Amino acid sequence: MQRILIDTDPGVDDALAILLAMRSPELHIEAITTVCGNVPVTQGTENLLRILEVLDLEEFPLIAQGEVQPLVKPLVTAAHVHGDDGLGNVSELQNADGSPLYPLAHANVSSTSGVDLILEMVTRYPDELTLVALGPLTNIAKAIREDAAKMQRLQKIVVMGGAFEEYGNVTTTAEFNIFVDPHAAHEVFHFDVPIHIVPLDATHQIILTGERLHAETDKRPDRISQFLRDATQSCMEFYRQHIGFWGFHIHDALPIGMLTCPAYFESVPAHVQVETEGTLTSGMTVAYLRHERRHPNPNAQVCIKVAAEAFLDHFFERLR
C-alpha cells in the first residue's frame, strides 16, 4: 500500500481525484492539505469537507488548510469554470426540509498549517510518502523553503500541471496550476526529489462526456453518483459553450491513476523549466519531449500518453 498526501485546491476535477483516491485500496491517504487556486483556500477547505461527506467515512485523513496567496503573483481563480463555490454550486442545493444536500463532513481541520502538516507527514513516513499535487504548488514550495532536508525524504512528488505540445488552458502557453504560481513550480521542479508531471498533453486525452457520465451513474443511483452528476454540471456547461462538447477533462484524476494503474501511462524523462517573468508566457512549462534531443540531465518524468478508455473504465469501476 502506498502512503500518499494530497495537496489540492478543491474544484470539480479535484473532487473526482479525491473520490478515486479514497476508493483505491492501493493507496492510504494519510493527509489532505488545501491551497489557494480554483477557489480561495477557505472555500477550498469547505469543498474538501463536502467531498469527504459524500463518502460516508468512519475515519478521516488528517486535514489542514494551506496558503492563501501564491508566492509572488496575486491569486487568480477559476470560478467561471467550476461554479461560484468551485464545486458546481452544490453548496446551494437543499433537501426538501431546507437542509443542505451536501453538508460539511464532521472532520477535524487541524490548527496546524498545511505547510507544517506536509513537513510533519514527511517526518512521520520518511522515504515512504508520495505527495500528489492537484493544485498550484505554493504549499510545497513553502515547505521546501522551510525545511529542504526534511522534504528530500519524500519518495516522490506527482504533479498535475503544465502544457508542452498542447495549448494552455488559461493563456495560449500556460496551464492553470502552473500559471497561478509559476515561482512555486520553478522551485519544486528544481528540487532534488523525483518529480512526475501529468500535463495537459496527457489530460486532454481523457474526455468524460456527459453521455458517459450519465450512463455510468444511472446504473447505480447512489450518493456518489448523484454527487458526480450535480458537481459536474457547471463544468460540462462551460465546455459546451466554450470548448464545443458536452463533457470535460478530468485533469486531476490522472495523477491518482498513475499510482493505481501505472500500466495505462507512458512517460519520458525531460528537463522542465518554468517561465516566471514573461508578459505573454508567464507559467509556460518548457521541455523537449522527443527522444532525439532529450536533455542529458532530466529533472522530471513527463507523462505523454494515457490509455484513455481503459482509464475511464478503471475510474468508474472504483467509484462503483
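So, here is what we can say about the structure in this document.

Criteria and cut-off values
Residues numbered from 1 in each chain as written. Predicted model: local features only at pLDDT ≥ 70, side-chain atom pairs only at ≥ 80, totals over all residues. Heavy atoms only, no water. Salt bridge = Lys/Arg side-chain N within 4 Å of Asp/Glu carboxyl O. Helix = DSSP H or I, 4+ residues; strand = E, 2+ residues; numbered from the N terminus. Buried < 20%, exposed > 50% of the residue type's maximum accessible area, 1.4 Å probe, protein only. Contact = heavy atoms within 4.5 Å. Lys, Arg positive; Asp, Glu negative; His and termini not counted. Polar contact = N/O pair within 3.5 Å; in protein donor to acceptor, adjacent residues only side chain to side chain. Pairing = 2+ DSSP bridges. Axes fitted to C-alpha atoms, helices over the stretch in contact; angles between N-to-C directions. Phe/Tyr/Trp six-rings, centres within 6.5 Å; stacked < 30°, edge-to-face > 60°. Core = buried A, V, L, I, M, F, W, Y, C linked by side-chain atoms within 4.5 Å. 1 Å grid on protein atoms, 1.4 Å probe; cavity = no way out; pocket = protein on both sides within 12 Å on 5 of 7 lines; lining within 4 Å. Points joined across faces, edges and corners; volume = space filled by probe spheres on them. Nonpolar A, V, L, I, M, F, W, Y, C, P; charged D, E, K, R; others polar.

## Section: the pattern of salt bridges
On inspection of all chains with the given rule, the structure shows 19 salt bridges. One salt bridge in this structure joins glutamate 237 and arginine 240, with 2.4 Å as the shortest N-O distance. Residue glutamate 237 and its partner arginine 240 are both found in helix α11 (residues 223-242); the two are separated by 3 residues, about one turn of the helix. In the salt-bridge network here, residues are joined through shared partners; they are Arg212, Glu216, Lys219, Glu309, Asp313 and Arg320.

## A closer look at the environment of phenylalanine 316
Residue position: phenylalanine 316 is located in helix α13 (residues 308-319). For phenylalanine 316, a relative accessible area of 4% puts it in the buried group. Phenylalanine 316 has contacts with Leu208, Arg212, Leu213 and Glu216, leaving out every residue within four places of it along the chain.

## Some details on the side chain of threonine 217
Inspection of the secondary structure assignment puts threonine 217 in helix α10 (residues 210-219). Apart from the residues within four sequence positions on either side, threonine 217 is in contact with Ser225, Leu228 and Arg229.

## Comments concerning the side chain of aspartate 7
If you trace the backbone, aspartate 7 turns up in strand β1 (residues 2-8). One buried charged residue, aspartate 7, remains without a salt bridge, the closest side chain of opposite sign being lysine 142 at 12 Å. A distance of 2.5 Å separates a polar atom in the side chain of aspartate 7 from a polar atom in the side chain of threonine 33. The residues contacting aspartate 7, other than those within four sequence positions of it, are Thr33, Val35, Ile118, Leu131, Val132, Ala133, Leu134, Gly135, Pro136, Asn139 and Ile140.

## Some details on the sheet that holds strand β5 (residues 156-160)
Here 8 strands make up an open sheet; going across it, the order is β3-β2-β1-β4-β5-β6-β12-β9 and the pairing mixed. The sheet terminates laterally at β3 (62-65) and β9 (265-270), the two strands that pair on one side only. Averaged over neighbouring strand pairs, the angle between their axes works out to 25° when direction is ignored. Sheet topology note: the β1/strand β4 (residues 129-133) ladder contains 5 bridges and is parallel. Residue leucine 5 lies in a different strand from β4, and its bridge partner there is leucine 131.

## Remarks on the packing of aromatic side chains
Scanning the model with the defined rule gives 6 aromatic pairs in all. Relative to phenylalanine 248, the ring of tyrosine 239 lies with its centre 6.4 Å away and its plane at 70°, an arrangement referred to as edge-to-face. What makes phenylalanine 248 buried here is its relative accessible area of 2%. When the ring of phenylalanine 265 is compared with that of phenylalanine 311, the centres are 5.9 Å apart and the planes differ by 75°; the resulting orientation is edge-to-face. Residue phenylalanine 265 is found in strand β9, and its partner phenylalanine 311 is found in helix α13; the two are separated by 46 residues along the sequence. Here phenylalanine 265 and phenylalanine 311 have matching classes, each one buried. By the ring-pair criterion, three or more aromatic residues cluster together here, those being Phe238, Tyr239, Phe245 and Phe248.

## Description of helix α8 (residues 182-189)
With respect to burial, α8 is a largely interior element, 6 of its 8 residues being buried. Within α8, the full set of buried residues consists of Pro182, His183, Ala184, Ala185, Val188 and Phe189. Those residues of α8 hidden inside the fold are in contact with α5 (138-146), β5, α7 (176-180), β6 (195-198), β10 (273-274) and β11 (285-286).

## Brief notes about the nonpolar core
Counting 60 residues, the largest nonpolar core has Ile6, Phe227, Phe248, Ile250 and Phe311 as its most contacted members. Among the elements of the structure, β1, α1 (12-22), β2 (27-34), α2 (41-54), α11, α12 (253-260), β12 (300-306) and α13 are those that each provide at least two residues to this core. Each residue touching phenylalanine 248, except ones within four places of it in the same chain, is listed here: Val12, Asp13, Leu16, Ile206, Ile207, Leu208, Thr232, Cys235, Met236 and Tyr239. Within the second largest apolar cluster, 40 residues are counted, among which are Leu5, Ala64, Leu129 and Val274.

## A word on the layout of surface pockets
A volume near 480 Å³ is recorded for the largest pocket. Contributing to the lining of the largest pocket are 26 residues, with Val81, Asn169, Phe176, Tyr239 and His251 lying nearest its centre. Sorting the residues of the lining of the largest pocket by element identifies α1, α3 (79-82), α7 and α11 as the ones contributing at least two each. Of the residues in the lining of the largest pocket, the class split is 12 nonpolar, 9 polar and 5 charged. The computed volume of the second largest pocket comes to approximately 260 Å³. Around the second largest pocket sit 13 residues that line it, and Met22, His28, Ile29, Glu59 and Pro61 are the ones nearest its centre. Elements with a contribution of two residues or more to the lining of the second largest pocket: α1 and β2. Looking at the lining of the second largest pocket, the element that brings in the most residues is β2, giving 4 residues.

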